[in-house]
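Breakdown of the fold
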Amino acid sequence: MAKTKVAVTIDGKLLESLDTMIARRQFPNRSQAMELALAEKLERMSRSRLARECARLDPREEKRLADEGLGDADEWPAY
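About the criteria used
- Residues numbered from 1 in each chain as written.
- Predicted model: local features only at pLDDT ≥ 70, side-chain atom pairs only at ≥ 80, totals over all residues.
- Heavy atoms only, no water.
- Helix = DSSP H or I, 4+ residues; strand = E, 2+ residues; numbered from the N terminus.
- Buried < 20%, exposed > 50% of the residue type's maximum accessible area, 1.4 Å probe, protein only.
- Patch = residues over 30% accessible without salt bridge, like charges linked within 9 Å, V, L, I, M, F, W, Y side chains within 5 Å.
- Areas by Shrake-Rupley, 256 points an atom, 1.4 Å probe, with all protein chains shown as cover.
- Salt bridge = Lys/Arg side-chain N within 4 Å of Asp/Glu carboxyl O.
- pLDDT = per-residue confidence, 0-100.

Details of the overall build of the chain
Scanning the chain from terminus to terminus reveals three helices and zero strands. Reading the secondary structure of the chain in the N-to-C direction produces α-α-α. Counting all 79 residues of the chain, 5% fall into the buried class.

The structure is reproduced here in C-alpha cells:
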C-alpha cells in the first residue's frame, strides 16, 4: 500500500521516550514506531466498539430472530 507523509506535533517527553526506544533498537525509526502505535490503537478501538455494540443486543430478541430465520433445513441453499 502506498504511504503518505504527514507532519504531527507531539509532546516533547513523548518524543524523548520514542527516541529512547529507537536508540534501544525496539523500532528502526520514528515513522515505523508511530505507524505501528497508530495501527494498534485503531485496532483496539474497533474491537471495543464491537464489544459496545454487542452489549446493546437483547439476547431474547436475537434468539427469536435466529429461530425465526432458521426455517426448514430443506429450504436452505446448497453451498
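Moving on from the coordinates now.
As for unusual backbone geometry
Of note in this structure, Arg25 is not a glycine but carries a positive phi near 65 degrees. Of note, Arg25 is situated in the loop between helix H1 (12-23) and helix H2 (30-55).

Focus: a nonpolar patch on the surface
Among the surface-exposed residues, Val6, Val8, Ile10, Leu14 and Met34 lie close enough to one another that they form a single nonpolar patch of about 450 Å² accessible area. For Leu14, the location among the structural elements is in helix H1. With relative accessibility at 49%, the residue Leu14 sits in the partly exposed group.

A few points about the confidence of the model for the chain
Averaged over every residue, the pLDDT of the chain is 86; the share at 70 or more is 86%. Considering each helix and strand of the chain separately, the mean pLDDT is smallest for helix H3 (residues 59-70), with a value of 78, and largest for H1, with 96.

Some points on the pattern of salt bridges
Taken as a whole and assessed by the stated rule, the structure comprises six salt bridges. As a salt-bridge pair, Asp19 and Arg30 come within 2.7 Å of each other at their nearest N and O atoms. Within this pair, whereas Asp19 is found in helix H1, its partner Arg30 is found in helix H2, the two being separated by eleven residues in sequence. Glu43 is paired through a salt bridge with Arg47; the nearest N and O atoms lie 3.4 Å apart. You can see Glu43 and its partner Arg47 sitting in helix H2, four residues apart, about one turn around the helix.

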